[in-house]
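Spelled out from the first residue to the last, the chains are:
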Amino acid sequence: MFKGLHINRSFTRPCFLDENSFLSDLANFSKMHSNRFHFIFILALGLCSCNDQGVSQNMAAVNEMFYPNSDLGLSFETNRIVLKVWSPESTAMMCRIYHDPTADVEALATLPMSLGDFGAWMTEIPVQYRGQFYTVQAEFKTGWRSEVPDPYAKAVGTNGLRGQLIDPSAINPSGWESDAASPLRSIGDAVIYEVHVRDFSIHPTSGMVNKGRYLAFTETGLKDRQGNSVGIDHLVELGVTHVHLLPVFDFLSIDESKPEIPQYNWGYDPQNYFVPEGSYATDASNSTVRIKEFKEMVQALHKAELRVVMDVVYNHTGRVDGLSLEETAPGQYYRQWPDGKYSDASACGNETASDKPMFRKLMMESLLYWTKEYHIDGFRFDLMAIHDQTTMQVIADTLLAARSDLLIYGEGWTASDSPLPEGERALKKYTYKMPGVAAFSDDMRDGIKGHWSDHNAKGFISGKWDLRESVKFGIVGATAHPDIDYTKINNSDTAWASSPLQCINYVSCHDNHTLFDKLELTNPQANESTRKNLQILANALVLTSQGIPFIHAGAEMMRTKQGMENSYKSPDSVNAIDWGRKAEYLDVFKQYRWFIGLRKSHPCFRLGSTEEIQRRLHFLESADSLLIYQIDCPAEDEWNQTLVICNAANVTQDFSLPEGLWTVAYLGIPAEKQVIKEGTVQIPAHSLAIFFQKLN
């Protein structure tokens, strides 16, 4: 009967060859058999398979009987509120209504829920309770589980312990209906700037009123004592196109009931996947406030021609027990080893199971929700390789059908082993199999500045010149190129991007040392001038490379965390962006701004395909401490030829220019208008040189 069903004996779950046919058959079968417990039992037996150790796969089989509709959670209608929760193995479920987000008080109402199609429980909530808080509680053969918000809760109170009966679509700032980021011609035009909401504004030098809040991004016209722009105006002046926010959906580690106590966490411990984090709002107890202020932040960034990327952490939850996924459907959203132990590829205690249809459904619907309800312009996937390639491709296909310029990228690695077979993981080396999905290039990152885990390891720009090939690999956006020796790449042995648009080039992010601190460790004898040159050179290489550039907030003003390598829960004194450093290192900032402007002005640094890079970009032979390449510019570029020279040595080096007249665009500093005939030029130590030719 199930013509789309195939049992894959090489894996520990059934898989469907024709999902639409299966769903059609499944729906018809459900209508024929009103006894849903009998239906689940028959279906589970029919789908049951065993792995090589003979472990029964009934749990996986039950999960394959997933809920195909998109109406889980709350639905707000004119005269009623409907709540649906998927819990196929529970024997009963209750919904309780409270007047307080956290208090241990008697419920205003206790509403029994009834089992509907596909294992979903439903109840109608009287409209008189609109604005109140609610929980759900499931009973299993082992007894009642904890009260939790439903997994699809879109509004919660303090600390995310109870959902709230409000409709986020009705909570909008003025003009929200017309809010949108201006579209990009290509995602290759993006320049990403990664920042933590609290870091952005909490330092005394920020001058912002809403310190540590979403609303800090709405404050314009701010200046430091020297008249330099700070805050959102600084981002506009810098020229970036996307603001990548560290996790902003509801997470566990901050106690929102104590806003007067300084608390800090990056937020990689998710709790409620459809709700903005409350600690960044002016009032975490009422979701109306966090929803409106989050939208105001997005709206302000869009008005400034800046797009918003969310750092999403679907690979694990802050814990398992006590959170909505496990309390409503135990074992259905997480991966486990054959012995039943929860696997932990995240190294955070658990890992979710994107290969299970119900978690894939939650991921997809959550991402669509953030895109449509909050106008988000991109998503960065934490430990993306914990997810399976199929899920990432479904996500990319679906989101890009709605928004062709949406950014989708992630970390192409795991933190530990997983039951998911290696060949199915969304690893960096399989990026080419996932069109529309990009991955971070740790090859270029470690090539430029040195290996992330060896704090004293030097990179190419600090004198380890055998890493030159890894930097070249970054320059071509991790694509296949005849001038690259793939036997000499640090973290890869072959091209992994099918186009440069699948490569995120970077040298630093929130993880590990800031660029300033890493360069200080690897160049302890360097003076201030040399450290500035290295700080500029590192991201100059990123910004002149093919692919999509990514900059860690504050790199443009030599940001330091006082040597703290993993600051995920360090205090503000470590993590806050010190805006006073902009005036102190204004020359560095101006050079970052110049390189971003250069990239945006010249398509030769944004070639859109592997074929174009192979045809137009060629490396020249040179000493090991030099890295030189020439680009035959596309017709839309005002330049005809571009020549880029990186001098990684600590001394000036001579270079003989190719034949013709060359104009200096950059020679240690911006220097356009200076025309040089072919001959020898001196390339300053630790710097980039850029020359160009025009047709006329």
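Owing to the predicted nature of the structure, the values given are computational and were not obtained by experimental measurement.

Draft legend 1. How the structure looks around the overall build of the protein. The number of helices and strands found in the protein is 17 helices and 27 strands. Computed over C-alpha atoms, the radius of gyration of the protein comes to 27 Å, within 12% of the 26 Å expected from 2.2 N^0.38 for 696 residues, which places it in the range of a compact globule. Expressed as lengths along the three principal axes of its C-alpha atoms, the size of the protein is roughly 85 × 55 × 45 Å. For the protein, the residues scored as buried account for 62% of the 696 residues in total. Counting every atom, the protein has about 25,500 Å² of accessible surface; 50% of that belongs to carbon and sulfur.

Draft legend 2. The arrangement of the environment of leucine 235 in detail. Examined against the element boundaries, leucine 235 turns out to sit in helix H5 (residues 232-238). By relative accessible area, leucine 235 is classed as buried at 0%. In this structure, the C-alpha to C-alpha distance between leucine 235 and leucine 245, residues ten residues apart in sequence, is 13 Å. With sequence-adjacent residues up to four places away left out, leucine 235 is seen in contact with Tyr193, Phe200, Val240, Val243 and Leu306.

Draft legend 3. Structural context of the layout of surface pockets. Taken as a whole, the largest pocket encloses approximately 770 Å³ of empty space. Lining of the largest pocket is provided by 30 residues; of these, Trp266, Asp382, Leu383, Glu411 and Asp511 occupy positions nearest its centre.

Draft legend 4. Seen up close, the nonpolar core. Ranked by internal contacts, the top residues of the largest apolar core, which has 142 residues, are Tyr314, Phe379, Phe381 and Leu688. For this core, the element with the most residues is helix H8 (residues 357-373), which contributes nine residues. Not counting residues up to four positions away in its chain, the partners in contact with phenylalanine 379 are Val309, Met310, Val312, Leu367, Trp370, Thr371, Leu399, Leu406, Leu407, Ile408 and Tyr409. In terms of nonpolar packing, the next biggest core, distinct from the first, is built from 22 residues, Ile81, Ile97, Ala109 and Leu165 among them.

Draft legend 5. View of the state of the cysteines. Under the defined criterion, the tally for this structure stands at zero disulfides. With no disulfide of its own, cysteine 604 lies 4.0 Å from the sulfur of cysteine 633, the closest cysteine sulfur.

Draft legend 6. Fine view of the sheet that holds strand E19 (residues 548-552). Ordered in space as E12-E13-E14-E15-E16-E17-E18-E19, the eight strands form a closed barrel in which the pairing is parallel. Averaged over all pairs of adjacent strands, the angle between strand axes in this sheet comes to 30°, irrespective of strand direction. Across the sheet, helix H13 (residues 528-543) is in contact with strand E18 (503-505) and E19; its angle to E19 comes to roughly 155°.

Draft legend 7. Focus on the packing of aromatic side chains. Applying the stated criterion across every chain, the model contains 33 aromatic pairs. On the basis of an interplanar angle of 35° and a centroid distance of 5.0 Å, the ring pair of tyrosine 152 and phenylalanine 274 is categorised as tilted. Of this pair, tyrosine 152 sits in the loop between strand E10 (143-144) and strand E11 (163-164) while phenylalanine 274 sits in the loop between strand E13 (242-245) and helix H6 (287-303), and the two are 122 residues apart along the sequence. The class of tyrosine 152 is buried, set by a relative accessible area of 4%. On the basis of relative accessible area, phenylalanine 274 is assigned to the buried category, the value being 1%.

Draft legend 8. Region of the structure containing the confidence of the model for the protein. Looking at the protein as a whole, its pLDDT mean stands at 91, while 90% of the residues score no less than 70. In this model residues 1-60 is a low-confidence stretch, pLDDT under 50, and it forms 85 contacts with partners more than four residues away in sequence or in other chains.

Draft legend 9. Looking closely at the pattern of salt bridges. Considering all chains together, one arrives at 36 salt bridges under this definition. A single salt-bridge network, built from bridges that share partners, covers Asp311, Arg380, Asp382 and Glu411.

Draft legend 10. Local environment of the sheet that holds strand E4 (residues 81-86). Spatial strand order, E3-E4-E8-E7: four strands in an open sheet with antiparallel pairing. Two strands bound the open sheet, and with one partner strand each, they are strand E3 (73-76) and strand E7 (114-115). Pairing between E3 and E4: four bridges, direction antiparallel. When the sheet's bridge partners are listed, leucine 74 is paired in E4 with leucine 83.

Draft legend 11. Local environment of the packing of H13 against helix H16 (residues 586-601). Between H13 and H16, whose axes approach to 10 Å, the crossing angle comes to 15°. Taken together, the axes of H13 and H16 lie roughly parallel to each other. Between H13 and H16 the crossing geometry is right-handed. Within the contact between the two elements, H13 uses Lys532, Gln535, Ile536, Asn539, Ala540, Val542 and Leu543 and H16 uses Asp587, Val588, Gln591, Tyr592, Phe595, Ile596 and Arg599. Looking at side-chain class alone, the contact of H13 with H16 contains eight nonpolar, three polar and three charged residues.

Definitions and cut-offs
Residues numbered from 1 in each chain as written. Predicted model: local features only at pLDDT ≥ 70, side-chain atom pairs only at ≥ 80, totals over all residues. Heavy atoms only, no water. Helix = DSSP H or I, 4+ residues; strand = E, 2+ residues; numbered from the N terminus. Rg over C-alpha atoms; globule rule 2.2 N^0.38 Å. Buried < 20%, exposed > 50% of the residue type's maximum accessible area, 1.4 Å probe, protein only. Areas by Shrake-Rupley, 256 points an atom, 1.4 Å probe, with all protein chains shown as cover. Contact = heavy atoms within 4.5 Å. 1 Å grid on protein atoms, 1.4 Å probe; cavity = no way out; pocket = protein on both sides within 12 Å on 5 of 7 lines; lining within 4 Å. Points joined across faces, edges and corners; volume = space filled by probe spheres on them. Core = buried A, V, L, I, M, F, W, Y, C linked by side-chain atoms within 4.5 Å. Disulfide = S-S within 2.5 Å. Pairing = 2+ DSSP bridges. Axes fitted to C-alpha atoms, helices over the stretch in contact; angles between N-to-C directions. Phe/Tyr/Trp six-rings, centres within 6.5 Å; stacked < 30°, edge-to-face > 60°. pLDDT = per-residue confidence, 0-100. Salt bridge = Lys/Arg side-chain N within 4 Å of Asp/Glu carboxyl O. Parallel < 35°, antiparallel > 145°, perpendicular 65-115°, else oblique. Left-handed = near helix turned anticlockwise from the far one by under 90°. Nonpolar A, V, L, I, M, F, W, Y, C, P; charged D, E, K, R; others polar.

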